[in-house]
Amino acid sequence: MPSIQYETSGTPNPSAGALPPLRQPASRTDRVRDALRQAILDGALPPGRALVERELAELYGVSKTPVREALKQLQSTGLVEINAYQGVSVRRPDDKLVRELYTARCAAEPDAVRLAAELHGAVAYPGARRALDEAAALIGSGETQGLGIANRRFHRELYTACDNSFLCGFLDQLQDLTAFVAGLGWRLRATFEEEAAEHTAILEAMEHGDAERAEQLTRAHIRKARRTLSDALGDDK
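Residues numbered from 1 in each chain as written. Predicted model: local features only at pLDDT ≥ 70, side-chain atom pairs only at ≥ 80, totals over all residues. Heavy atoms only, no water.

## Some remarks on the pairing of strand β2 (residues 87-90)
The test is simple: Strand pairing requires that DSSP identify at least two bridges connecting the strands. Secondary structure elements are defined from DSSP: runs of H or I of at least 4 residues count as helices, runs of E of at least 2 residues count as strands, and each element is numbered from the N terminus.
One ladder, built from four bridges, connects strand β1 (residues 80-83) with β2; its direction is antiparallel. Its bridge partner being in β2, E81 is matched across the sheet by S89. Linking two consecutive strands that pair antiparallel, namely β1 and β2, is a turn of three residues.

## Remarks on helix α9 (residues 192-207)
Applicable threshold: Helix span, as expected, comes to 1.5 Å for every residue beyond the first. Buried residues are those whose accessible area, probed at 1.4 Å on protein chains only, stays under 20% of the maximum for their type, while exposed residues exceed 50% and partly exposed ones sit between those limits. Working definition: the arc comes from the directions between the helix axis and the C-beta atoms, pointing outward to the latter.
Between its first and last C-alpha, α9 extends 22 Å over 16 residues, near the 22 Å set by a 1.5 Å rise per residue. When α9 is considered as a whole, its buried residues turn out to be F192, E195, E198, H199, I202, L203, A205 and M206. The buried side chains of α9 occupy one side of the element, clustering within an arc of 155° when seen end-on.

## Here's the deal with unusual backbone geometry
One non-glycine residue, D163, adopts positive backbone phi at about 60°. Take D163: it is sitting in the loop between α6 (147-159) and α7 (165-173). For D163, a relative accessible area of 67% translates into the label exposed.

## Looking at the packing of helix α5 (residues 126-141) against α9
Definition in use: A fitted line through C-alpha atoms represents every axis, and for helices the fit uses only the stretch in contact; the resulting angles, taken between N-to-C directions, go from 0 to 180 degrees. The labels follow the angle: roughly parallel below 35 degrees, roughly antiparallel above 145, roughly perpendicular from 65 to 115, and oblique for the rest. By the definition used in this description, the sense in which the near helix is turned from the far one sets the handedness, with an anticlockwise turn below a right angle giving left-handed and a clockwise turn giving right-handed. The contact definition used throughout considers only heavy atoms, calling two residues in contact when any of these lie within 4.5 Å. Each residue gets one of three labels, nonpolar for Ala, Val, Leu, Ile, Met, Phe, Trp, Tyr, Cys and Pro, charged for Asp, Glu, Lys and Arg, and polar for the others, Gly among them.
Put simply, α5 and α9 touch, their axes get as near as 11 Å, and they point 160° apart. It follows from the interaxial angle that α5 and α9 lie roughly antiparallel. Of the two possible hands of crossing, α5 and α9 adopt the one that is left-handed. Between α5, through A128, R129, L132 and I139, and α9, the contact on the second element is made entirely by F192, E193, A196, H199, T200, L203 and E207. Taken together, the residues of the contact of α5 with α9 sort by class into six nonpolar, two polar and three charged.

## Re the pattern of salt bridges
Worth spelling out the cut-off: Salt bridges are defined by distance alone: a side-chain nitrogen of Lys or Arg within 4 Å of a carboxyl oxygen of Asp or Glu.
The final tally for this structure, using the stated rule, is 17 salt bridges. A salt bridge links D34 to R33, with the nearest nitrogen and oxygen atoms 3.1 Å apart. Its relative accessible area of 22% is what places R33 among the partly exposed residues. Between R129 and E207 there is a salt bridge whose closest N-O contact spans 2.8 Å. Of this pair, R129 sits in helix α5 while E207 sits in helix α9, and the two are 78 residues apart along the sequence. For E207, a relative accessible area of 23% translates into the label partly exposed. In this structure, a network of salt bridges that share partners links the residues D111, R114, E118, E215 and R219.

Taken by themselves, the reported measurements are silent on function.
Structure below.
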């Protein structure tokens, strides 16, 4: 069988040494997107808040084009809704969103955690431990604005250890929306201390290489969070 021949013209010569990474400053779109994302996750821009291109352009000192592109990117993460009649606004979470989001997580994340524990055995997860410590410090100080990000980082440190790009890519797509919904839930009903204890138990199972327990604890944690959020959003109606 003839071997497959690949086109190599134009590729760098490996003997010439590794090429340095191309570093470019963040674009205006990136800066606007990141600022809006942070404001939404922190609650500075609450659910249902209208996002008017002209006002945001004036606020950030840019034209409407990067604002428009930033809003499109935020729509792809689920944080922003674009309606042909009502314009652009911060998403309003409801029970349907919570149910679908956490069902998707529950279908993938426990398996990813189990795979990670089976792959690595009893090892330390320093990134997850740092995220756990940061979350504990935020809870202790009463400053919980950054808690959602710390918790998302904790979960990501564990599931990305499974070394499965498809599972990780799918779960990464849910990160911002999960942080957003969880943050809203905490503002309605403070359950972050209970969740911190659950995170500690999951990490301990991972560090002991107990794949089955880590999977079970992760699934129970996600299911409990779903019920709590659904109840909290129902109470807010």
